[in-house]
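Spelled out from the first residue to the last, the chains are:
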Amino acid sequence: MARTQYEKQAKSFDEQISILRRNGVVINDEIKAKEYLSDIGYYRLGFYAFPFEVTYPIVNQKRLHDVRPGTTIEEIVALYYYDFDLRSILNKYLSRIEVSIRTTITYQISLKYSADPYWFVNPSVMKASFIADFDKEVYSHVRNKPTIVRHRKKYIDKYAPAWKTMEFMTFGNLEVLYDNLIFDVDKKLVSNQYGEPAVSAFKSYLSAVRELRNACAHGNVIYELRLTSGIVSGKACPTMSPGTNQNLVGTLQVVDYLLRKISVNRANDLQNELKAATLRLYKKVPSIKSMVENNTGIIVQSENDNIFRMYLRNIVKKVFR
């Protein structure tokens, strides 16, 4: 595709309101609308106007920005705040999963190689490429942590032991470390703690959790999350509808599965919080229910439900009503 000169220019709040109205968005209170735009931003708000567009879910050159008749700016903002709620709720439980996985890897592998507290740079345990990159890619960000500094002042070894070093590794570091264990039997020491015997499936769970965690931490759009790599069918997702292995539907299945292996109570808390947030959205924008279900897999019938379920559905209809 030939590249062209970008010609759009920055617009004032008044101009942005005019464009929204031209696209069919109902704005009755301009002062409030300017507050939304100054708080959220016109460009970001567009991510949440998208499901209300007549041509949704088309994103190619045929996409129109005209919204369905009667769509108000308040409805668009309600979806924005729902997405904000999703990030806030998930962050808390993703942290619980991260701590558990960090602890499990550290405990299981350190216990197996108890004679070597620095097994993470042992060529009999880890792949050579991981060891070669470890100082630059991992330890350079760890060595200045107060705990590590104190350890290195006291002991002559180059590294702090695994249980200290791994405490300060990022979740992405842990994922790479797990992937670079030489033996599948070592990987299964970890995955089996979560009831997943398939190493490839568990690795995909780690990737999904990392991507969702990063998306939440950086304020990305959550309801339309797309993973860079797909979730492999396993205990968390025995069957998946086409496409759901790379969106929020499959990702929430993984989160729910892992959390239940850690704490059933916390998994129930997560579902209750997601249920409450989703019902708040439906009270403001009932017409958006189909889109939310298709994109998230969160199925809520009413606030009187005794059981809140997140599950994969065979959804054929793609059009948002």
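Residues numbered from 1 in each chain as written. Predicted model: local features only at pLDDT ≥ 70, side-chain atom pairs only at ≥ 80, totals over all residues. Heavy atoms only, no water.

This next bit is on the overall build of the protein. Along the backbone of the protein there are 13 helices and 2 strands. Once the C-alpha set of the protein is aligned to its principal axes, its extents read approximately 70 × 50 × 40 Å. Per-residue burial for the protein yields a buried fraction of 47% across its 321 residues. Long-range contacts, defined as pairs at least 24 residues apart, comprise 63% of the intrachain contacts of the protein with a sequence gap of at least 6. Taken as a whole, the protein presents about 17000 Å² of accessible surface, with 52% of it coming from carbon and sulfur. Side-chain charges in the protein split into 46 positive and 33 negative, and the spacing between the mean points of these groups amounts to 3 Å. (Helix = DSSP H or I, 4+ residues; strand = E, 2+ residues; numbered from the N terminus. Buried < 20%, exposed > 50% of the residue type's maximum accessible area, 1.4 Å probe, protein only. Contact = heavy atoms within 4.5 Å. Areas by Shrake-Rupley, 256 points an atom, 1.4 Å probe, with all protein chains shown as cover. Lys, Arg positive; Asp, Glu negative; His and termini not counted. Charge placed at Lys NZ, Arg CZ, Asp CG, Glu CD.)

With that settled, the discussion passes to helix H5 (residues 128-142). Taking 1.5 Å per residue as the helical rise, H5 with its 15 residues ought to reach 21 Å, and the 20 Å between its terminal C-alpha atoms agrees with that figure. Within H5, the axis deviates most sharply at Phe 134, by approximately 65°. Within the sequence span of H5, burial applies to Phe 130, Phe 134, Val 138, Tyr 139 and Val 142. Contacts from the buried residues of H5 go to helix H6 (146-154), helix H7 (162-165) and helix H8 (171-179). (Expected span 1.5 Å × (residues − 1). Bend = angle between axes of the 7 residues up to and from the residue.)

To continue, consider the packing of aromatic side chains. Given two aromatic rings, their pairing is described by the distance between the two centres and the angle made by the two planes. Inspection of every chain in the model, using the stated rule, returns 16 aromatic pairs. When the centroid spacing of 5.6 Å and the interplanar angle of 25° are considered together, the rings of Tyr 194 and Phe 202 count as stacked. We note that Tyr 194, like Phe 202, is buried. (Phe/Tyr/Trp six-rings, centres within 6.5 Å; stacked < 30°, edge-to-face > 60°.)

Okay, the pattern of salt bridges next. Opposite charge on two side chains permits pairing when their charged atoms draw close. Throughout the structure, instances matching the rule amount to 14 salt bridges. In this structure, Lys 32 and Glu 35 form a salt bridge, with 2.9 Å as the shortest nitrogen-oxygen distance. Within this pair, Lys 32 and its partner Glu 35 are both found in helix H2 (residues 30-40), separated by 3 residues, close to a single helical turn. The residue Glu 273 makes a salt bridge to Lys 92 at a minimum N-O spacing of 3.0 Å. Highlighted residues: Glu 273 in helix H12 (residues 264-284) and Lys 92 in helix H4 (residues 73-112), separated in sequence by 181 residues. The class for Lys 92 is partly exposed, based on a relative accessible area of 48%. (Salt bridge = Lys/Arg side-chain N within 4 Å of Asp/Glu carboxyl O.)

In this model, H4 (40 residues) spans 58 Å end to end at C-alpha, consistent with the 58 Å of a helix rising 1.5 Å per residue. When the local axis directions of H4 are compared, the greatest deviation, roughly 25°, occurs at Asn 91.

With that out of the way, let us pick up the packing of H4 against helix H9 (residues 184-191). Across the interface, H4 lies against H9 with an axial gap of 9 Å and an inter-helix angle of 135°. The orientation of H4 relative to H9 falls into the category oblique. Once H4 is placed against H9, the crossing between them reads as right-handed. Residue-level contacts link Thr 104, Ile 105, Gln 108, Ile 109 and Lys 112 of H4 to Val 185, Asp 186, Leu 189 and Val 190 of H9. Its residues placed into classes, the contact of H4 with H9 shows 5 nonpolar, 2 polar and 2 charged. (Axes fitted to C-alpha atoms, helices over the stretch in contact; angles between N-to-C directions. Parallel < 35°, antiparallel > 145°, perpendicular 65-115°, else oblique. Left-handed = near helix turned anticlockwise from the far one by under 90°. Nonpolar A, V, L, I, M, F, W, Y, C, P; charged D, E, K, R; others polar.)

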